[in-house]
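Listed below, chain by chain, are the residues.
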Amino acid sequence: MAAAKKAVLGPLVGAVDQGTSSTRFLVFNSKTAELLSHHQVEIKQEFPREGWVEQDPKEILQSVYECIEKTCEKLGQLNIDISNIKAIGVSNQRETTVVWDKLTGEPLYNAVAAPVSPGPSDPVAVVRSGSSVPAAGTSSVWLDLRTQSTVENLSKRIPGNNNFVKSKTGLPLSTYFSAVKLRWLLDNVRKVQRAVEEDRALFGTIDSWLIWSLTGGAHGGVHCTDVTNASRTMLFNIHSLEWDKELCEFFEIPMKILPNVRSSSEIYGLMKAGALEGVPISGCLGDQSAALVGQMCFQDGQAKNTYGTGCFLLCNTGRKCVFSEHGLLTTVAYKLGRDKPVYYALEGSVAIAGAVIRWLRDNLGIIKTSEEIEKLAKEVGTSYGCYFVPAFSGLYAPYWEPSARGIICGLTQFTNKCHIAFAALEAVCFQTREILDAMNRDCGIPLSHLQVDGGMTNNKILMQLQADILYIPVVKPSMPETTALGAAMAAGAAEGVGVWSLEPEDLSAVTMERFEPQINAEESEIRYSTWKKAVMKSVGWVTTQSSESGDPSIFCSLPLGFFIVSSMVMLIGARYISGIP
């Protein structure tokens with residue numbers, strides 16, 4: 001036992017990994033990058049209306065405390081002294097918007113998330129002007145579509161020859177980013193409006209909400225964010241690295257509610273409660289930037305793809321902003337210290353990756369656990385011509401087409417749940433191929449391999465399909481928790497902590513699993529071109545009115561309404577002519 005104790009002694013670093021479906025706390029050895037222990041808690045999602053997805057910020061915060069406590073208990077069972085934990089990093093779902101009361105610490109609304117159709121009994125609270133919004137105390141999650149009309153109205157105010165929003169932020173005007181969600185809250189939630197008027201409101205993405213709460217909340221909590229999260233709000237100038245006055249005026253956002261922007265690696269404050277009270281929080285990265293750091297993609301041209309609820313492909317472009325001509329985003333990759341340079345990245349986002357597996361489990365019921373999909377797909381080894389486009393909330397990069405909706409096509413009488421499961425896995429891979437093609441065109445240098453991480457990479461069929469569809473090797477680290485690792489590295493390397501060296505010669509070598517393409521290039525291209533045909537069929541399914549109003553009436557569709565009314569008239573006429581009473 002003594003030898004085992006000595007093997008893990010030394011500085012340890014913890015990482016909060018807060019995602020759309022779960023919260024985790026993980027502890028790493030800063031000298032070896034070995035994962036010592038972790039705990040995970042699943043997070044509920046609420047669907048108050050069609051196209052609206054929300055989460056409770058208080059539940060998210062409570063899940064962080066629970067994960068920290070449980071992980072510390074597990075470390076104790078391993079005879080590891082938690083006093084060796086010298087720092088904590090935070091990695092978080094980006095874009096999700098929270099507004100809270102700085103005097104009480106209470107959220108003023110929910111966080112807004114991935115849109116799906118709710119059940120008929122989902123509760124809504126009616127607020128001013130008869131608009132239906134969820135009850136207070138939740139947050140706006142990143143895929144929520146309620147802001148589509150807000151985006152369309154704002155887009156009319158951007159001159160065609162001067163898209164200052166994109167040139168300053170690297171982002172297209174979209175429902176995806178925080179500014180329009182915040183604008184929606186200011187327009188529709190009276191509690192938020194009143195708190196802003198009374199100077200009680202604070203805004204932040206999930207990292208800001210957590211850091212403020214963990215460092216004291218209403219009793220001296222630190223209201224800050226880092227450059228990577230700020231760069232996803234559409235209010236942040238990625239060149240000057242400051243909140244932009246012109247952007248805030250355009251979106252009509254009061255700058256006084258915004259958090260202070262800091263680097264990704266510095267001491268923000270100390271934990272004020274729980275088992276790790278007094279430990280500095282010293283790392284903060286949006287989840288995809290954290291994964292880029294955790295994959296050690298510190299060189300220009302290195303890229304990684306994270307497979308989670310969504311799929312996110314980032315390519316490090318160094319100290320220069322590269323603006324995409326193919327639908328990708330320009331974003332801040334990281335800034336690892338107050339006096340360190342900022343690095344940028346090109347990013348492509350696949351909205352629905354792991355979420356499609358969850359949908360097959362929770363909505364269709366064809367699997368009981370997410371792991372079962374690999375078994376189903378393995379039974380058939382092919383989709384048998386079935387293609388699944390999971391555009392549940394529209395198509396994101398490289399299309400940016402909000403009118404799209406999910407389709408399953410190419411069905412025959414032979415198609416069964418195994419083929420649909422296989423097609424769902426293929427969909428993740430095809431979407432990644434589309435992003436990679438766009439990235440190659442923007443950077444001009446085709447990738448020789450793709451580094452991957454995230455929970456879905458445990459699925460070997462998925463990884464082999466990805467190599468086949470990309471027709472390049474896919475490389476997976478043996479320790480897949482690279483998002484949490486990146487946050488831990490940033491925290492441990494912070495000035496005043498200094499327990500994790502980011503110098504190339506000090507970075508631990510990581511063992512990799514490699515997947516080589518096993519089909520010929522021609523077959524790969526045929527499958528990819530058929531996928532593109534399926535994507536085109538998913539476009540144009542909804543209008544802004546039907547997607548946002550949530551009107552359940554069948555008559556919001558004129559052709560369908562006409563069909564039903566005319567059918568009823570014909571039926572009544574037939575009964576009258578035949579003399580049926």
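Residues numbered from 1 in each chain as written. Predicted model: local features only at pLDDT ≥ 70, side-chain atom pairs only at ≥ 80, totals over all residues. Heavy atoms only, no water.

In the nomenclature of an unreviewed UniProt entry, the chain is known as glycerol kinase of Mustela putorius furo. Recorded in UniProt under Pathway (unreviewed entry), the annotation for the chain is "Polyol metabolism; glycerol degradation via glycerol kinase pathway; sn-glycerol 3-phosphate from glycerol: step 1/1." (UniProt positions renumbered as here; feature names shortened; annotations may be inferred.)

Draft legend 1. Here's a closer look at the overall build of the chain. For the chain, the helix and strand inventory stands at 18 helices and 26 strands. Across the 581 residues that make up the chain, the buried fraction comes to 58%. Residue pairs at least 24 apart in sequence account for 74% of intrachain contacts in the chain once pairs closer than 6 positions are excluded. Only carbon and sulfur atoms are counted for the fraction: they give 55% of the accessible area of the chain, which is about 23,600 Å². (Helix = DSSP H or I, 4+ residues; strand = E, 2+ residues; numbered from the N terminus. Buried < 20%, exposed > 50% of the residue type's maximum accessible area, 1.4 Å probe, protein only. Contact = heavy atoms within 4.5 Å. Areas by Shrake-Rupley, 256 points an atom, 1.4 Å probe, with all protein chains shown as cover.)

Draft legend 2. Structural context of the pairing of strand β5 (residues 85-92). Judged by how many residues are buried, β5 sits mostly within the fold: 7 of 8 residues are covered. By the bridge criterion, 7 bridges tie strand β1 (residues 12-18) to β5 in an arrangement that is parallel. In the sheet register, Gln18 faces β5, and the bridge partner there is Asn92. Pairing between β5 and strand β17 (residues 280-286): 5 bridges, direction parallel. Bridge pairing in β17 links Ser91 to Leu285. (Pairing = 2+ DSSP bridges.)

Draft legend 3. Representation of the sheet that holds strand β2 (residues 22-29). Strand order in the open sheet formed by 6 strands is β3-β2-β1-β5-β17-β16, with mixed pairing between adjacent strands. Because the sheet does not close on itself, it has two edges, and the strands there are β3 (35-42) and β16 (265-270). With strand direction ignored, the average angle separating the axes of adjacent strands in the sheet is 25°. Relative to the sheet, helix α2 (residues 57-77) contacts β1, β2, β3 and β5, its axis offset from that of β3 by approximately 145°. Across the face of the sheet, helix α7 (residues 206-214) comes into contact with β1, β5, β16 and β17 while running at roughly 145° to β5. (Axes fitted to C-alpha atoms, helices over the stretch in contact; angles between N-to-C directions.)

Draft legend 4. Representation of the side chain of Asp468 in the model. Structurally, Asp468 is set in helix α14 (residues 460-470). Arg527 is the oppositely charged side chain nearest to the buried, salt-bridge-free Asp468, at an N-O distance of 5.3 Å. A distance of 2.7 Å separates a polar atom in the side chain of Asp468 from the backbone nitrogen of Gln518. Excluding residues within four positions of it along the chain, Asp468 makes contact with Glu516, Pro517, Gln518, Ile519 and Ser524. (Lys, Arg positive; Asp, Glu negative; His and termini not counted. Salt bridge = Lys/Arg side-chain N within 4 Å of Asp/Glu carboxyl O. Polar contact = N/O pair within 3.5 Å; in protein donor to acceptor, adjacent residues only side chain to side chain.)

Draft legend 5. Quick peek at the pattern of salt bridges. Counted according to the given criterion, the structure contains 28 salt bridges. Glu347 is paired through a salt bridge with Arg94; the nearest N and O atoms lie 2.6 Å apart. One end of the pair, Glu347, is in strand β21 (residues 343-350); the other, Arg94, is in the loop between β5 and β6 (98-101), with 253 residues separating them in the sequence. Overall, the relative accessible area of 4% leaves Arg94 in the buried class. Put simply, Glu197 and Arg190 hold a salt bridge, and the shortest N to O gap is 3.3 Å. One network of salt bridges, with partners in common, ties together Arg94, Glu95, Arg232, Asp287 and Glu347.

Draft legend 6. Spotlight on the nonpolar core. Within the largest apolar cluster, 111 residues are counted, with the highest numbers of intra-cluster contacts made by Val192, Met234, Phe251, Tyr307, Leu360 and Phe388. With 15 residues, helix α13 (residues 417-443) is the largest single contributor of residues to this core. Those residues in contact with Val192 that lie beyond four places of it in its chain are Val99, Leu108, Tyr109, Leu185 and Leu186. Judged by nonpolar contacts, the second largest core, of 34 residues, contains Ile80, Val90, Tyr268 and Val279. (Core = buried A, V, L, I, M, F, W, Y, C linked by side-chain atoms within 4.5 Å.)

Draft legend 7. Layout of the sheet that holds strand β24 (residues 450-453). As summarised here, the arrangement of the 7 strands in space is β20-β21-β19-β18-β24-β25-β26, forming an open sheet in which the pairing is mixed. Every other strand in the sheet has two partners, leaving β20 (329-334) and β26 (512-515) as the edge strands with one partner each. Shown here is a sheet whose adjacent strand axes are inclined to one another by a mean of 30°, direction ignored. Strand direction decides the pairing type here: β24 and strand β25 (residues 474-477), joined by 2 bridges, are parallel. Considered in β25, the bridge of Gln451 is made with Val475.

Draft legend 8. Up close: the pairing of strand β19 (residues 311-318). With 8 of 8 residues buried, β19 is to be regarded as a mostly interior element. Burial along β19 is two-sided: Cys311, Leu313, Cys315 and Thr317 and Phe312, Leu314, Asn316 and Gly318, pointing in opposite directions, are all buried. As judged from the 5 bridges shared by strand β18 (residues 303-307) and β19, these two strands associate in the antiparallel manner. Bridge assignment links Asn305 to a residue of β19, and that residue is Leu313.

Draft legend 9. Region of interest: unusual backbone geometry. Located in the positive-phi region is Leu241, a residue other than glycine, with phi close to 60°. Relative to the helices and strands, Leu241 is located in the loop between β13 (236-237) and β14 (242-243). A positive phi is found at Glu252, a non-glycine position, where the angle reads about 55°. You can see Glu252 is positioned in the loop between α9 (245-251) and β15 (260-262).

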